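Each chain is listed here by its residues.
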Amino acid sequence: MNEHGKLDVAQFAEDNDLDVDATHALFQALASVGVVERTGAHVLTGRHFAETLRARSLFHWLMQGSGALFAAMPSVLRKANRTGRFYSRDAAAIGYACREINARFFDPVFWSAMAGLDFPVRRVADLGSGSGQRLLEIVRANPGATGIGVDIAAPVLEFSAGELAAAGLADRVTFIEADVRSLDPRPEFADVELLTCFMMGHDFWPRANCVATLRRLRTVFPNARRFLLGDTARSTAHADTDVPVFTLGFEVGHALMGVRLPTLNDWLGVFEEGGWRCAKTHLIETPAASAIFELEPA
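Residues numbered from 1 in each chain as written. Predicted model: local features only at pLDDT ≥ 70, side-chain atom pairs only at ≥ 80, totals over all residues. Heavy atoms only, no water.

## What about the packing of helix α7 (residues 91-115) against helix α8 (residues 133-141)?
At their nearest, the axes of α7 and α8 sit 11 Å apart, and the two run at 35 degrees to each other. As α7 packs across α8, the resulting crossing turns out to be right-handed. Between α7, through R99, N102, D107, F110, W111 and M114, and α8, the contact on the second element is made entirely by Q133, R134, E137, I138 and A141. Class assignment of the residues belonging to the contact of α7 with α8 gives a composition of 5 nonpolar, 2 polar and 4 charged. (Axes fitted to C-alpha atoms, helices over the stretch in contact; angles between N-to-C directions. Helix = DSSP H or I, 4+ residues; strand = E, 2+ residues; numbered from the N terminus. Left-handed = near helix turned anticlockwise from the far one by under 90°. Contact = heavy atoms within 4.5 Å. Nonpolar A, V, L, I, M, F, W, Y, C, P; charged D, E, K, R; others polar.)

Right, dumping it as structure tokens:
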């Protein structure tokens, strides 16, 4: 629809092996909120189509990645059930969604920050590397550069390795399955000059843990010259009746998981104690309360 502006519902269902009645019902629901318009057997793009298309990765994060968490909300809310691994999410879907969230919302600001680096990028480590897309783009943009991706989710790392192999960059990037919050020094970390970390920094918290993680990263990556840390924080600017849908789901979801999101001011209050100096803060409009912090060793 984005390419042609309309489609035939029955043909679309047949081409994609979908139940035709259920497909009609889906487009009826989308038409009711202005995403599409229906004209006989065809659907056209509606007044909210472009906005919905732009935000699709946010909904993928909410519904595909975190759907099981929200479905289990009645159980997860009970104190007696909040022990051990008391919730589940689709790590591969989260990684897939974050890839597009990064590309659409964070990357324009990220590449502006990259252009301002005062040193050539030769060795980079991406913490919480997800799909591996950021590493792929960094090494592509910097001939001769090599990279390391660190992620805790094995399914995501398998997907990442396949993506990089398809791009012909498997010899320049390696992946390590590990928890960023408890990394130990490794020889391959010693010459990393650039650290990046996107959409997972809130997992460093609460505050004492975050400070300890930031200090650990200073030790584990002793020659890091810049740390670009991008994340979505807890919003403080919205009334209860004016909360963007993704912000609402993001904050409720993390509360269900037992993760208290920091605000942007909370972040600014930990860098110095954690061994880093915040040289610049780049604010991002969507998702709300998002930013990229440019950190340097203190």
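## Structural notes on the pattern of salt bridges
Counted under the stated rule, the structure contains 14 salt bridges. Note that D118 and R226 form a salt bridge whose closest N and O atoms lie 3.6 Å from each other. Residue D118 is found in the loop between α7 and β4 (123-127), and its partner R226 is found in strand β8 (residues 226-232); the two are separated by 108 residues along the sequence. Here R122 ties to E193 by a salt bridge, and the two come within 2.4 Å at their closest N and O atoms. Of this pair, R122 sits in the loop between α7 and β4 while E193 sits in the loop between β6 (173-177) and β7 (194-198); the two residues are 71 residues apart in sequence, bridging distant segments of the chain. Taking the relative accessible area as the measure of exposure, E193 reaches 8% and is therefore buried. Through salt bridges with shared partners, one network takes in D118, R226, R277, E294 and E296. (Salt bridge = Lys/Arg side-chain N within 4 Å of Asp/Glu carboxyl O. Buried < 20%, exposed > 50% of the residue type's maximum accessible area, 1.4 Å probe, protein only.)

## Looking at a nonpolar patch on the surface
Nonpolar side chains collect at one region of the surface, where F59, M63 and V245 lie side by side and expose about 310 Å² of accessible area between them. The class for M63 is exposed, based on a relative accessible area of 55%. (Patch = residues over 30% accessible without salt bridge, like charges linked within 9 Å, V, L, I, M, F, W, Y side chains within 5 Å. Areas by Shrake-Rupley, 256 points an atom, 1.4 Å probe, with all protein chains shown as cover.)

## With respect to unusual backbone geometry
The linkage connecting W205 with the following residue, P206, adopts the cis geometry, with an omega of 15 degrees. Position of P206 among the secondary structure elements: in the loop between β7 and α10 (207-220). P287 follows T286 through a cis peptide bond whose omega is -5 degrees. Mapped onto the secondary structure, P287 falls in the loop between β9 (276-284) and β10 (290-297). Of note in this structure, D17 is not a glycine but carries a positive phi near 55 degrees. For D17, the position within the fold is in the loop between α1 (9-15) and α2 (20-32). By relative accessible area, which is 73% here, D17 ends up exposed.

## Comments concerning the side chain of S290
Relative to the helices and strands, S290 is located in strand β10. A residue is classified by how much of its surface remains accessible, and S290, at 1% relative accessible area, is buried. Only 2.7 Å separates the side chain of S290 from the side chain of T232, close enough to count as a polar contact. Beyond its immediate stretch of four places on either side in the chain, S290 contacts F106, D231, T232, H282, L283 and I284. (Polar contact = N/O pair within 3.5 Å; in protein donor to acceptor, adjacent residues only side chain to side chain.)

## Some details on the state of the cysteines
As used in these notes, a disulfide is a covalent bond between sulfur atoms, one from each of two cysteines. Applying the stated criterion across every chain, the model contains 0 disulfides. In this model C98 remains outside any disulfide bridge; the closest cysteine sulfur is found in C197, 11 Å from its own. Using a relative accessible area of 13% as the deciding quantity, one classes C98 as buried. Unpaired in terms of disulfides, C278 finds its nearest cysteine sulfur in C210, a separation of 12 Å. Among the residues examined, C278 registers a relative accessible area of 25% and is labelled partly exposed. (Disulfide = S-S within 2.5 Å.)

## Re α10
The first and last C-alpha atoms of α10 sit 20 Å apart over 14 residues, in line with the 20 Å expected at 1.5 Å per residue. For α10, the set of buried residues is C210, V211, T213, L214, L217 and V220. Against the buried residues of α10 lie β4, β8, α12 (264-268) and β9. (Expected span 1.5 Å × (residues − 1).)

## Observations regarding the packing of aromatic side chains
In total, this model carries 15 aromatic pairs according to the counting rule given. Summarising the aromatic geometry, the rings of W61 and F250 are spaced 5.4 Å apart at their centres and angled 50 degrees between planes, so their arrangement reads as tilted. Taken together, the residues W61 in helix α4 (residues 56-65) and F250 in helix α11 (residues 245-256) connect sequence positions 189 residues apart. Judged by its relative accessible area of 3%, W61 falls in the buried class. Through a chain of ring-to-ring contacts, three or more aromatic side chains come together here, namely F204, W205, W267, F271 and F293. (Phe/Tyr/Trp six-rings, centres within 6.5 Å; stacked < 30°, edge-to-face > 60°.)

## Re the layout of surface pockets
Considering only enclosed or pocket space, the largest pocket measures out at about 1,300 Å³ in volume. Y87, R89, I152, M200 and D203 are, among the 46 residues lining the largest pocket, the residues nearest its centre. In terms of residues, the lining of the largest pocket owes the most to one element, α7, which gives 8 residues. When its residues are assigned to classes, the lining of the largest pocket shows 20 nonpolar, 13 polar and 13 charged. If you add up the space inside the second largest pocket, you get close to 640 Å³. The wall of the second largest pocket is formed by 19 residues, among which L30, F49, T52, L53 and R56 lie closest to the centre. Taken together, the elements giving at least two residues each to the lining of the second largest pocket come down to α2, α3 (49-54), α4 and α7. Tallying contributions element by element places α4 first for the lining of the second largest pocket, with 4 residues. A class-by-class count of the residues in the lining of the second largest pocket yields 12 nonpolar, 4 polar and 3 charged. (1 Å grid on protein atoms, 1.4 Å probe; cavity = no way out; pocket = protein on both sides within 12 Å on 5 of 7 lines; lining within 4 Å. Points joined across faces, edges and corners; volume = space filled by probe spheres on them.)

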